[in-house]
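As a plain string of letters, each chain reads:
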Amino acid sequence: MPITPGDAPRTPDVQVGPLDLVARVDDALAVQALAFGLSEEEIGVRHHIVLRHLMYPGCRALGATTPEGRLAGFVYGMPNDRAHWWSTVVEPYLRREGLEGWLDDSFTITELHVHPSFQARGIGRDLITTITDAVPQPRSILSAIDIESPARRLYRSLGYRDLARQVHFPGAPRPYAVMGAHLPLRRRSQPPVESD
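Summary of the structure given here. Source: prediction; values computed, not measured.

Let's talk about the packing of aromatic side chains
Now for step 1: Counted according to the given criterion, the structure contains three aromatic pairs.
Now for step 2: On the numbers, 5.7 Å between centres and 35° between planes, the contact of Trp85 with Phe169 is tilted. Placement of the pair is Trp85 in helix 3 (residues 85–96) and Phe169 in the loop between strand 6 (161–167) and strand 7 (176–182), with a sequence separation of 84 residues.
Now for step 3: Since its relative accessible area comes to 51%, Trp85 is described here as exposed.
Now for step 4: Seen from their ring centres, Phe169 and Tyr176 are 5.2 Å apart, and the 90° between their planes marks the pair as edge-to-face. For the pair Phe169 and Tyr176, a shared accessibility class is recorded, and that class is buried.
Now for step 5: A cation over a ring is seen here: Arg139 above Trp102, with NZ or CZ 4.8 Å from the ring centre.

Spelled out as structure tokens, the structure:
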């Protein structure tokens with residue numbers, strides 16, 4: 001993938017590439033636990049969820065690794081399917097906004113996490129742009145905790161916009177926002193584009 005000067009990774013020793021998430025699921029969940037604040041119990045539940053997701057058609061994963069092989073971050077996602085649990089939860093919220101069509105022909109970013117010691121170096125941006133650049137879908141959707149955060153600012157800078165807010169997932173203590181962007185994602189050198 002060609003990188004323009006405005007998109008150059010700020011951590012050249014960390015390389016983004018394909019990740020065997022089945023083999024490195026424990027490493028990935030350790031990163032997620034630190035980045036997202038997961039308990040041991042939550043890690044155990046997510047272990048099974050990640051392995052199940054990896055069996056879905058079109059699911060792909062990328063990792064950001066150091067020269068020593070340490071996982072600094074990861075992303076995985078899949079073509080959205082309205083039958084998947086996540087879609088069944090967010091669909092009523094999107095329908096209320098007249099935006100349920102975003103559930104069709106979209107690539108869902110299921111998880112994106114960067115180890116705290118590697119955050120604010122452009123790794124998350126590199127992971128999400130690289131994974132979405134390789135998909136055939138014309139747009140991408142994701143959910144993020146509905147607070148102003150570095151993650152939400154990153155997503156907005158890439159072209160994601162709020163589709164629905166105050167989305168409540170069963171068992172989640174805080175509400176989420178569902179965000180969507182047309183692909184390819186915006187690069188640093190591109191101005192914001194208004195669209196539906």
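Regarding the sheet that holds strand 4 (residues 106–114)
Now for step 1: Taking strand neighbours across the sheet as the criterion, the seven strands line up as 1-2-3-4-5-7-6 in an open arrangement whose pairing is mixed. In this open sheet, the two edge strands, each paired with only one partner strand, are strand 1 (15–18) and strand 6. Sheet twist, expressed as the mean angle between neighbouring strand axes with direction ignored, is 25°.
Now for step 2: Where strand 4 lies against strand 5 (residues 139–145), three bridges are found, and the strand directions are parallel.

Structural notes on the pairing of strand 5
Now for step 1: Most of strand 5 is tucked away, with six of its seven residues classed as buried.
Now for step 2: Read as a crossover between parallel neighbours, the route from strand 4 over helix 4 (residues 123–133) to strand 5 is right-handed.
Now for step 3: By the bridge criterion, seven bridges tie strand 5 to strand 7 in an arrangement that is antiparallel. Paired with Ile141 across the bridge in strand 7 is Gly180.

Reading the values: the criteria
- Residues numbered from 1 in each chain as written.
- Predicted model: local features only at pLDDT ≥ 70, side-chain atom pairs only at ≥ 80, totals over all residues.
- Heavy atoms only, no water.
- Phe/Tyr/Trp six-rings, centres within 6.5 Å; stacked < 30°, edge-to-face > 60°.
- Helix = DSSP H or I, 4+ residues; strand = E, 2+ residues; numbered from the N terminus.
- Buried < 20%, exposed > 50% of the residue type's maximum accessible area, 1.4 Å probe, protein only.
- Lys NZ or Arg CZ within 6 Å of the ring centre and 35° of its normal.
- Pairing = 2+ DSSP bridges.
- Axes fitted to C-alpha atoms, helices over the stretch in contact; angles between N-to-C directions.
- Right-handed = clockwise from strand over helix to strand, strands pointing away.

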